[in-house]
Amino acid sequence: MMLSIVSKMTGLIYYKSEHMDRYAKERERMCKEQLVNRGISDKKVLDVMLKVPRHNFVTEENLIRAYGDMALEIDCDQTISQPYMVAIMTELLELKETDRVLEIGTGSGYQAAVLSELAKEVYTIERIEHLAKGAMEKFEQAGKTNIFVKVSDGTLGLADYAPYDKIIITAAAPAVPPPLIEQLSSDGGILVAPVGDRYSHKIVKLRKIGNKTEETHHLQCIFVPLIGAYGFNP
Ligand code: SAH
């Protein structure tokens, strides 16, 4: 089989044609078996999951499992979430193309890349500088101009650009950090996060109207901990 390397950059290898086809086929299978069969029905979310190259966000040794039905380890003992978890949290956010979104926990950058296809702007905060830099490089290489990365404690949010139409936390929180509720739009803003104790949590969806919030509870899940002022201790 002919294999042509187009360019090799920090941890990323882009292959031409046959390999792109292979990954496209794997994405198709992932969408059908892991997402559609489990009830993901938002066509816009499915289209984006079909399009975003998840293999660009995993480590080289995990390339073979890039479209597998699981979370995968990335650097610094963190993880890229399972495709189904990314899809369901994205679906719960009810994204509109005019939305400004805040993500806490950039990690590999995959979830932010998915969000950026469905929203106007994505602000993403990561506490580990090495991961933030890696994600930023990937966004640059992909020509993304609507994702802004910041290294800080995301439990405090990013007040300078608030309010946000949507907020997503991609690490497990003991409770939704109050600064994030404050920074959520009071005009129907939606926040989605895994909430619970350190090793077992549930996806919570919070909708804010005026100064009231209503909460619905969704699936059980396991995430790495949210660490910070309104998170867990390191
Ligand atoms: N959305 C990511 C998932 C990353 S895992 C992806 O698509 O790959 C969760 C990430 O949250 C980790 O990278 C971890 O370092 C980060 N994190 C934990 N506590 C944080 C905090 N208080 N502020 C910002 N990032 C945090």
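Up top is the structure these notes are about.
Per-chain numbering applies: the sequence of each chain, read as written, is numbered from 1 onward. The model is predicted, so local features are restricted to residues of pLDDT at least 70 and side-chain atom pairs to those at 80 or more, both for listing and for counting; the totals for chains, interfaces and linings are taken over all residues. Note that water and hydrogens are dropped before the side-chain values are worked out from all heavy atoms of the structure.

### Structural notes on the layout of surface pockets
So the rule is basically this: Put simply, the grid is 1 Å and covers the protein atoms alone, a cavity is a trapped set of points that fit a 1.4 Å probe, a pocket is an open set with protein on both sides within 12 Å along at least five of seven lines, and lining residues have an atom within 4 Å of a point. Grid points are joined across faces, edges and corners, and a volume is the space filled by probe spheres set on the points. In this description a helix means any DSSP run of H or I spanning at least four residues, a strand means any run of E spanning at least two, and both kinds are numbered starting from the N terminus. For this scheme, ten residues count as nonpolar: Ala, Val, Leu, Ile, Met, Phe, Trp, Tyr, Cys and Pro. Four count as charged, namely Asp, Glu, Lys and Arg, and the remainder, Gly too, count as polar.
Here the largest pocket is characterised by a volume of approximately 480 Å³. As for the largest pocket, its lining consists of 34 residues, of which Q78, T170, A171, V224 and P225 are closest to the centre. Mapped onto the lining of the largest pocket, the elements with two or more residues apiece are β4 (79-80), β5 (100-104), α4 (110-116) and β6 (121-126). Of the residues that constitute the lining of the largest pocket, the class distribution is 16 nonpolar, twelve polar and six charged.

### What about the packing of aromatic side chains?
Just so we agree on the cut-off: Put simply, two rings from Phe, Tyr or Trp (the six-membered ring, in Trp's case) pair if the centres are within 6.5 Å, and we call them stacked under 30 degrees between planes, edge-to-face over 60, tilted for the rest. A ring is considered to have a charge above it if a Lys NZ or an Arg CZ atom is located within 6 Å of its centre and within 35 degrees of its normal.
Taken as a whole and assessed by the stated rule, the structure comprises five aromatic pairs. Ring centres 5.0 Å apart and planes at 25° place the aromatic pair Y123 and Y161 in the stacked group. Highlighted residues: Y123 in strand β6 and Y161 in the loop between β7 (147-151) and β8 (166-169), separated in sequence by 38 residues. These aromatic residues form a ring-pair network of at least three members: Y123, F148, Y161 and Y164. The ring of Y23 carries the charged tip of R22 above its face, separated from the ring centre by 4.6 Å. Cation over ring: R38 sits above Y84, and NZ or CZ is 5.2 Å from the ring centre.

### Brief notes about the site of the ligand
Our working rule: Residues are labelled near a given molecule or strand when at least one of their non-hydrogen atoms is within 4 Å of it. Side-chain atoms alone can form a polar contact between residues adjacent in sequence; in general such a contact is a pair of N or O atoms within 3.5 Å, and within protein one must be able to donate a hydrogen while the other accepts it. Working definition of accessibility: Shrake-Rupley area with a 1.4 Å probe, residue cover restricted to the visible protein chains. Each molecule is checked against the cavity or pocket grid, and it sits inside if more than half of its atoms lie within 2 Å of the grid points.
Around the ligand, a shell composed of 26 residues is seen, among which G105, S108, E126, G154 and I227 lie nearest. Between the ligand and the protein, one listed contact pairs an oxygen atom with a backbone N or O atom of Q111 at 3.1 Å. Contacts to the ligand include D153, whose side-chain N or O atom sits 2.9 Å from a nitrogen atom. The protein chains hide 99% of the 580 Å² of surface that the ligand would expose on its own. Taking a 2 Å distance to the grid points as the criterion, the majority of the atoms of the ligand fall inside the largest pocket. Contributions of two or more residues to the shell around the ligand are made by β4, β5, α4 and β6. In terms of residue class, the shell around the ligand is built from eleven nonpolar, eleven polar and four charged.

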